[in-house]
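Single-letter residue listing:
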Amino acid sequence: MSAVLERPDGRRGAGMNGGTKLVLGALGVIGLLAPVALSAANAATTLGDSAALSGRYFGTAVSAGKLSDSTYTGILGREFNMVTAENEMKIDATEPSQNSFTFTNADRIVNAAAGKRIRGHTLVWHSQLPGWMNSLSGSANTLAAMNNHINGVMGHYKGKIYAWDVVNEAFNDGSGTRRSDVWQNQIGDSYIEQAFRTARAADPAAKLCINDYNIDDATAAKTLAVYNLVKDFKARGVPIDCVGLQSHFNSGSPVPSNYQANMQQFAALGVDVQITELDIEGSGSAQADNYAKVVKACLVVARCTGITVWGIRDSDSWRASGTPLLFDGNGNKKAAYTSVLDALNAGGTTPPTTTPPTTTAPTTPSATVPPTTAPPAGTKSCSGAFTVSSSWTGGFTGTVKVTAGSAAISKWTVGLTLPSGTSITNLWNGTLSGTSVSSLSWNSSVPASGSVEFGFQGSGSATGVGVASCTAS
């Protein structure tokens, strides 16, 4: 998201070149698959829980200044399972003076998000720069400052952040050329690649994303510029895991008819797609229909892994007069909320290259392997239970619930049973080593009889996947 007073103007690039026709043509039917309906028994009552049914998240942007508002925090705690700091992790907030880092307000958000995934926003951007950074000169000097900032911020939050917007809004509208800013002007075209390589080294477990606005239309010049960058990075082994579509919509910049195809063309490059700053101006059924359209498109694309709305209540939005969010100023659910919840509960996703399954995900979780004898009272112990969230031909998503025994624990490790031919391709809320998943710093402490969860996406069959062991300390 840009600064509060500086937002995209909604204009889009036009026209389709030959390369675009080939990309979209190659997608064919695979970008148009319908979501797989979930049974009523699997329906959930909150946005985060509903998204989790298909292995996704549903998040929101959070302001530290509103964490004393009980209505605000009540909705945050109940509805969302992903949190993005609205401004508190941006460059001016975290390094106001060179090499002098401050994380007070960002830490408040991280602490308030306990038990939820966190999206880091953002490390390299043209806006909200402190004066010293905007005055940098010389390629080597500017590159060193950029890398130092990435290392300083990511180092502070290492192990706590699910995904980082490493570079934000690097391209111009219309032409899709590189934006003129201190990074481009002083370092040159290589700065984006340098930022991603530095970020990977700083926190190898975090997903690394490029994020931008007005890249929702599959044929826009700006969209194609980002597409070509990602394609080049994947071909050369530059680390990049995801593309963030900000997706700010209104009557002058509506949801494109090829929005789903756009997500699929990025996914076909081998990266996740995440809707990162969604808001849709309007009201009533028209707004509700547009929200449902966006959610349904994400559900169809297997690698669209989550949706974040940019704010909780209309009054919290950077464009509050357009009433663009899911809750009104008093915190009441709007028609748009219901349409999103219904869409999430209606179905998950199938891989884009296979036929949708005809059956829903299993409703009975795989059994936990219990200890042969009960541990003595007061002994630190844990157990785990695996549940399939969704499955399709060749893959699945699942959740493991880790429950502490009669004593509180400060660390846990779960050993998984993975049949031959089955592997974990994406993990959240834990650290993977072989077939074992260990706690992160923020979810390692579990009270007596309390529980935490981690989840993963796997390739192969979910049949036979389970919990082999759970150890605690």
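Let me sum up the structure you'll find in this document. (Residues numbered from 1 in each chain as written. Predicted model: local features only at pLDDT ≥ 70, side-chain atom pairs only at ≥ 80, totals over all residues. Heavy atoms only, no water.)

## Thoughts on the overall build of the protein chain
Then, number 1: Helix and strand counts for the protein chain come out as 13 helices and 19 strands.
Then, number 2: For the protein chain, the proportion of its 473 residues judged to be buried stands at 57%. (Helix = DSSP H or I, 4+ residues; strand = E, 2+ residues; numbered from the N terminus. Buried < 20%, exposed > 50% of the residue type's maximum accessible area, 1.4 Å probe, protein only.)

## So, the state of the cysteines
Then, number 1: Inspection of the entire model under this criterion finds three disulfides.
Then, number 2: The side chain of cysteine 298 participates in a disulfide bridge whose partner is cysteine 304; the two sulfur atoms lie 2.1 Å from each other. Between cysteine 298 and cysteine 304, the S-S torsion sits near -100°, and that sign places the bridge as left-handed. The two residues cysteine 298 and cysteine 304 agree in class, both being buried.
Then, number 3: Paired through a disulfide, cysteine 382 and cysteine 470 show a sulfur-sulfur distance of 2.0 Å. (Disulfide = S-S within 2.5 Å.)

## Examining the sheet that holds strand 19 (residues 466–472)
Then, number 1: Pairing is antiparallel across the open sheet formed by four strands, whose spatial order is 16-17-14-19. Each end of this open sheet is capped by a strand with a single partner; those strands are strand 16 (431–433) and strand 19. Recorded for the sheet is a direction-independent mean angle of 25° between the axes of neighbouring strands.
Then, number 2: Relative to strand 19, strand 14 (residues 412–417) runs antiparallel, the two sharing six bridges. Pairing of threonine 413 across the sheet is with threonine 471, part of strand 19. (Pairing = 2+ DSSP bridges. Axes fitted to C-alpha atoms, helices over the stretch in contact; angles between N-to-C directions.)

## As for the pattern of salt bridges
Then, number 1: Under the definition given, this model contains 17 salt bridges.
Then, number 2: With a closest N to O distance of 2.7 Å, glutamate 193 and arginine 236 form a salt bridge. Taken as a pair, glutamate 193 in helix 9 (residues 191–202) and arginine 236 in helix 10 (residues 221–236) lie far apart in primary sequence, 43 residues in all.
Then, number 3: The partly exposed category is assigned to arginine 236, whose relative accessible area is 43%.
Then, number 4: Where lysine 334 meets aspartate 314, a salt bridge forms, and the shortest distance between an N and an O atom there is 3.0 Å. In this pair, lysine 334 is assigned in the loop between strand 10 (304–309) and helix 13 (335–346) and aspartate 314 in the loop between strand 10 and helix 13, connecting sequence segments 20 residues apart.
Then, number 5: For lysine 334, a relative accessible area of 14% puts it in the buried group. (Salt bridge = Lys/Arg side-chain N within 4 Å of Asp/Glu carboxyl O.)

## Here we look at the packing of helix 10 against helix 11 (residues 259–267)
Then, number 1: For the pair helix 10 and helix 11, interaxial distance at closest approach is 10 Å and the crossing angle is 20°. It follows that helix 10 is roughly parallel to helix 11 by the angle criterion. Crossing handedness for the pair helix 10 and helix 11: right-handed. Residues Thr223, Val226 and Tyr227 of helix 10 pack against Asn262, Gln265 and Phe266 of helix 11. (Parallel < 35°, antiparallel > 145°, perpendicular 65-115°, else oblique. Left-handed = near helix turned anticlockwise from the far one by under 90°. Contact = heavy atoms within 4.5 Å.)

## Section: the nonpolar core
Then, number 1: Grouped together as the largest cluster of nonpolar side chains are 94 residues, with contacts concentrated most on Phe58, Trp164, Ile192, Phe196, Ile210, Met263 and Leu326.
Then, number 2: Sequence-distant contacts of isoleucine 192, defined by excluding residues within four places in its chain, comprise Val167, Ala170, Phe171, Arg178, Ile210, Leu229 and Phe233.
Then, number 3: Phe386, Val437, Val446 and Phe454 belong to the second largest nonpolar core, which has 22 residues in total. (Core = buried A, V, L, I, M, F, W, Y, C linked by side-chain atoms within 4.5 Å.)

## Digging into the environment of methionine 263
Then, number 1: Checked against the element boundaries, methionine 263 lands in helix 11.
Then, number 2: Sequence spacing of methionine 263 and arginine 303 is 40 residues, and the spatial spacing of their C-alpha atoms is 8.4 Å.
Then, number 3: In contact with methionine 263, other than residues within four places in its own chain, are Leu245, Val273, Ile275, Ala297, Cys298, Val301 and Cys304.

## Some points on the packing of aromatic side chains
Then, number 1: Inspection of every chain in the model, using the stated rule, returns 10 aromatic pairs.
Then, number 2: Seen in terms of ring centroids, phenylalanine 249 and tyrosine 259 are 5.7 Å apart; in terms of plane orientation they differ by 80°. Their pairing is edge-to-face. With phenylalanine 249 in strand 8 (residues 248–249) and tyrosine 259 in helix 11, the pair connects residues that are 10 residues apart, well separated along the chain.
Then, number 3: Among the residues examined, phenylalanine 249 registers a relative accessible area of 1% and is labelled buried.
Then, number 4: Three or more aromatic residues link up through ring pairs in this structure, and these residues are Phe101, Phe103 and Tyr157.
Then, number 5: Lying over the aromatic face of tyrosine 162, arginine 117 brings its terminal NZ or CZ to 4.6 Å of the ring centre. (Phe/Tyr/Trp six-rings, centres within 6.5 Å; stacked < 30°, edge-to-face > 60°. Lys NZ or Arg CZ within 6 Å of the ring centre and 35° of its normal.)

## Remarks on the side chain of asparagine 81
Then, number 1: Relative to the assigned elements, asparagine 81 resides in the loop between helix 3 (70–79) and strand 3 (82–85).
Then, number 2: Of the polar contacts made by the side chain of asparagine 81, one reaches the backbone nitrogen of phenylalanine 58; its length is 2.8 Å. (Polar contact = N/O pair within 3.5 Å; in protein donor to acceptor, adjacent residues only side chain to side chain.)

## Topic: helix 10
Side chains that are three or four residues apart share a direction in an α-helix, a result of its 3.6 residues per turn.
Then, number 1: The end-to-end C-alpha separation of helix 10 is 23 Å, in line with the 22 Å expected for 16 residues at 1.5 Å each.
Then, number 2: Trailing helix 10 by a residue or two, glycine 237 shows a phi angle of about 80°, which is positive. (Expected span 1.5 Å × (residues − 1).)

## Some words on the environment of methionine 82
Then, number 1: Tracing the backbone through its elements, the reader meets methionine 82 in strand 3.
Then, number 2: It is 7.9 Å that separates the C-alpha atoms of methionine 82 and alanine 113, two residues lying 31 residues apart in sequence.
Then, number 3: With sequence-adjacent residues up to four places away left out, methionine 82 is seen in contact with Tyr57, Phe58, Gly59, Thr60, Lys116, Arg117, Ile118, Arg119, Tyr162 and Thr308.

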